[in-house]
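Spelled out from the first residue to the last, the chains are:
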Amino acid sequence: MRSPEVATAVQDSLIARAREVLVADKRVAACWLEGSFARGTADAWSDVDLHVAVGDIDWPAFKGEARATLQRIGNVLAYGEVPFRW
């Protein structure tokens, strides 16, 4: 079993990699953390809740490559889409 410090370092590395991949993608309008990492209360058991906003025009292409994008970031436990009708 990993110590909390090592596990948090792994999570921090995943967040840094997500930022690197998503900032490089010009289709991404914004991305942010939610949950315990956003609140600053994360521990070794915390998941990384990452939200990504993509404009309507770019959405079909981004969606088609979503799994490949996630694989460039790291292991993903869950993935979901929430369309917003503004």
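Look up: the structure comes first, before these words.
Numbers given for residues are sequential positions, taken from 1 along each chain in its written order. Restriction of local features to residues with pLDDT of at least 70 applies here, the model being predicted, together with a cutoff of 80 or more for giving and counting side-chain atom pairs; totals for whole chains, interfaces and linings are based on all residues. The side-chain numbers reported here are obtained from all heavy atoms of the structure, hydrogens and water having been left aside.

**A few points about the environment of A18**
Line of reasoning, step 1. Turning to its location among the elements, A18 is positioned in helix α1 (residues 4-24).
Line of reasoning, step 2. Each residue gets one of three labels from its accessible area relative to the maximum for its type: buried under 20%, exposed over 50%, partly exposed in between, using a 1.4 Å probe on protein chains only. Take A18: its relative accessible area is 5%, and that puts it in the buried class.
Line of reasoning, step 3. In this structure, the C-alpha to C-alpha distance between A18 and C31, residues 13 residues apart in sequence, is 9.3 Å.
Line of reasoning, step 4. Contacts: residue pairs with any heavy atoms within 4.5 Å of one another. Contacts of A18, omitting those with residues within four sequence positions, involve L50 and I73. Numbering of helices and strands runs from the N terminus; a helix is a DSSP stretch of H or I covering at least four residues, while a strand is a stretch of E covering at least two.

**Here we look at the side chain of D25**
Line of reasoning, step 1. Note that D25 resides in the loop between α1 and β1 (28-34).
Line of reasoning, step 2. Pairs of N or O atoms within 3.5 Å make up the polar contacts considered here, provided that, within protein, one atom can donate a hydrogen while the other can accept it, and that residues adjacent in sequence are counted only when both atoms are side-chain atoms. At a separation of 2.9 Å, a polar atom in the side chain of D25 contacts the side chain of R27.

**Side note on the pattern of salt bridges**
Line of reasoning, step 1. Here, a salt bridge means any side-chain nitrogen of Lys or Arg that lies within 4 Å of a carboxyl oxygen of Asp or Glu. Summed over all chains, the structure comprises 3 salt bridges.
Line of reasoning, step 2. The salt bridge involving D25 is made with R27; its shortest N-O contact spans 2.9 Å. One exposure class covers both D25 and R27, and it is buried.
Line of reasoning, step 3. Residue E65 is joined to R27 by a salt bridge in which the shortest nitrogen-to-oxygen separation is 3.0 Å. In this pair, E65 sits in the loop between α3 (59-64) and α4 (66-73) while R27 sits in the loop between α1 and β1, placing the two residues 38 residues apart along the sequence.
Line of reasoning, step 4. What you see here is one network of salt bridges that share partners, running through D25, R27 and E65.

**Here we look at the packing of aromatic side chains**
Line of reasoning, step 1. Stacked, tilted and edge-to-face are the three classes assigned to paired rings of Phe, Tyr and Trp, where Trp is represented by its six-membered ring and a pair needs centres within 6.5 Å; plane angles under 30 degrees give stacked, over 60 edge-to-face, the rest tilted. If you walk through the whole model with that rule in mind, you get 1 aromatic pair.
Line of reasoning, step 2. Centre to centre, the rings of W59 and F62 are 6.2 Å apart; their planes meet at 35 degrees, and the pair counts as tilted. Of this pair, W59 and F62 both sit in helix α3, 3 residues apart, which is roughly one turn of the helix.
Line of reasoning, step 3. For F62, a relative accessible area of 7% gives the class buried.

**Comments concerning the nonpolar core**
Line of reasoning, step 1. Here, nonpolar core means buried Ala, Val, Leu, Ile, Met, Phe, Trp, Tyr and Cys residues that are tied together by side-chain atoms lying within 4.5 Å of each other. Residues A18, V21, L22, V28, V54, F62 and I73 constitute the largest nonpolar core, which totals 7 residues.
Line of reasoning, step 2. A per-element tally of this core places α1 first, with 3 residues.
Line of reasoning, step 3. V28 has contacts with L22, V52, A53, V54 and F62, leaving out every residue within four places of it along the chain.

**Some points on the side chain of S46**
Line of reasoning, step 1. Summarising the element assignment, S46 is placed in the loop between α2 (35-39) and β2 (49-54).
Line of reasoning, step 2. Setting aside chain neighbours within four positions, we find S46 in contact with Q11, S36 and F37.

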